[in-house]
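# Structural features, examined
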Amino acid sequence: MTTKNFQRPDGRKLNEMRPFEAKVGIIPNADGSAMYKSGDTIAIAAVYGPKKMHPQHSQNPEKGTLRCTYNMNSFSVSDRIRPGPSRRSTEISKITEWALEPVLMLDKFPNMVVDVHINIIQADAGTRCAGINAAAMALAHAGIPMRDMVSSVSVGKLDKTIVVDLSKEEEDFEEGDGPTDIPISMTHSGNITHFQLDGKIESKQLMEAIEMAKKSCEEIYEVQKKALKDSINMEEEA
Amino acid sequence: MSGEEVEITPDVTAERIRKYLEQEKRFDGRKTDEFRELIIEKNISKKAEGSVRVKIGKTEVLVGIKMGIAEPYPDSPDKGNLMVTAEFLPLSSSRIELGPPKFNSIEVGRIVDRGIRESKFIELEKLCIKKGKKVWTVFIDIYTINDDGNILDAAGIGAVAALKLAKIPKYDEENEKILYDEHQGNMPLRKINPFTITVHKIGQHLILDPTREEEDVSETRITVGSSEGIIYSLQKGNSGYFSVEEIQKSFDIVEKAWKELFKKVEGQLK
């Protein structure tokens, strides 16, 4: 199978993301909130804080703490998942913190904590990336000082071909080398804050995948920026 | 980060580690891309199907393989199961407290699991006893004995080594009993060596195999599970970031380190 005539199951171009949209200001109680949707994957995020860290011994006098929790709703997938934290969700929560922390100016909030709650309402692959996109917007919406934005996308290799924003159907691809899933998050300035991989790939092709992710992250960035601007306009009109 | 980890490397030491690296130097005289001495001790438990003690400098972990019979997962009815867990024992460092598993042990378990699983190192399809009903489960359990940094790589190397030594027990199907003292052959493995190798970033410098102190100073890291230049799993850890150039450089460092580790591991498993 050659790269040229590779057909994606849903007919997308290799570098074409699923239809995606973002909305800021979806949870009135939260200090900041956002939704990010890519194809059938929907993530929402809410920020509470900065607020005082409890218990006291968890406080960091040098800088504030970012605390993310990623959670999949039990009915977000075909086979119901048991509610509550799992090893997978614990890891994704941490990965999300690591993806976002480099752009946050947490030194302005010693002894405080910023809570980011991410919920996956509907899952069709790429949920951690959708969660990070929503969380980054929610943090900006909450007014947490940030040096840059973070955008996230999953690049994949299906047999020999690099494609962007895998759907669940593509994640389960079984021909040739099978699927390689490569979720990547980047700042707008192009630094990599989150990088994972499962599958099989040579480093040279992996560098191509990073380039593809970079281009997609630029597209996502524009949508995130617009959603944040729109939320301000809406508040002014209201 | 969430107040779980206690920083005990003093600032002056951290400062000096960074200063040394400016001249490409480390406290123990190693090059930036050099591992400490690797020692693998074989078959440290008679009860395990395969086991090793891995020492990297003063860091020490035990890895044991056990096998059991279970139902297959619905999405792989004709394949054996794989389960990897890691435990940071309180005896291995003054920093580790008793209690439920903390994040770092979950992460080590998951990273080692993915390196083995994604590379298809174990031929799980050969561990099916009765499709949809009964398969072997391979348990890889990792325990820290002394944590002087880079537990991650020690655990990954240990898992590969222990699997290579593992023997499958006999199974008495009539009585549904595993005969642990009798063997029916070696663990079915592909001819690869999916070691996990972690590159740490300190300032502008990329280093391998950090000591505890160096690990404390590390801003971010990338763990690559690979064999002969093919990457099977990868994870960036900790806050901080890598530029695209640093990622490229990390892959080169990993590829070179893998070759050296491969020779050392092969030599010691003979």
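Read on for a plain summary of the structure. (Residues numbered from 1 in each chain as written. Chains lettered and ligands numbered in written order. Predicted model: local features only at pLDDT ≥ 70, side-chain atom pairs only at ≥ 80, totals over all residues.)

Residues and elements named next belong to chain A. Look at the link from Gly49 to Pro50: it is a cis peptide, with omega at 5°. As for its position among the elements, Pro50 is in strand E3 (residues 41-52). Of note, the phi angle at Asp159 is positive, near 55°, even though the residue is not glycine. With respect to the secondary-structure elements, Asp159 resides in the loop between strand E6 (150-158) and strand E7 (161-164). (Helix = DSSP H or I, 4+ residues; strand = E, 2+ residues; numbered from the N terminus.)

Our focus in this paragraph is the nonpolar core. If you look at the biggest cluster of nonpolar residues, it comprises 131 residues, and the most contacted ones within it are Ala134 and Ala135 of chain A together with Ala155 of chain B. In this structure Ala135 of chain A touches Ala45, Cys68, Thr96, Leu100, Val116 and Ile118 of chain A, once residues within four positions along its chain are discounted. (Core = buried A, V, L, I, M, F, W, Y, C linked by C-beta atoms within 7 Å. Buried ≥ 20, exposed ≤ 12 C-beta atoms within 10 Å, placed from the backbone. Contact = placed C-beta atoms within 7 Å.)

Now for the environment of Ile192 of chain B. All names here are of chain B. Within the element layout of this structure, Ile192 appears in the loop between strand E8 (177-186) and strand E9 (195-202). Measuring from C-alpha to C-alpha, the distance between Ile192 and Ser227 comes to 6.1 Å, with 35 residues separating the pair along the chain. Setting aside residues up to four positions removed in sequence, Ile192 forms contacts with Ser119, Phe121, Ser227 and Glu228.

Attention now goes to the sheet that holds E6 of chain A. Pairing in this open sheet of eight strands is antiparallel, and the strands run E7(A)-E6(A)-E8(A)-E9(A)-E12(B)-E11(B)-E9(B)-E10(B) from one edge to the other. Of all strands in the sheet, those with a lone pairing partner are E7 of chain A together with strand E10 (205-208) of chain B, marking the two edges. Neighbour-to-neighbour, the strand axes of the sheet open up by a mean angle of 20°, direction not taken into account. Running over the sheet, helix H1 (residues 87-100) of chain A touches E6, strand E8 (179-187) and strand E9 (192-202) of chain A together with strand E12 (230-237) of chain B and is turned about 125° from E9 of chain A. Across the sheet, helix H5 (residues 244-269) of chain B lies against E9 of chain A together with E9, E10 and strand E11 (220-227) of chain B, angled at about 135° from E9 of chain B, the strand it touches most. (Pairing = 2+ DSSP bridges. Axes fitted to C-alpha atoms, helices over the stretch in contact; angles between N-to-C directions.)

Once that is clear, we can look at the sheet that holds strand E4 (residues 65-72) of chain A. Residues and elements named next belong to chain A. The strand order across the open sheet formed by five strands is E1-E2-E3-E5-E4, and the pairing between neighbours is mixed. Strands at the two margins of the open sheet, each flanked by one partner only, are strand E1 (20-24) and E4. On average, each strand axis in the sheet is inclined to that of its neighbour by 15°, with strand direction left out of account. Taken together, the seven bridges between strand E2 (residues 32-38) and E3 define a ladder with antiparallel strand orientation.

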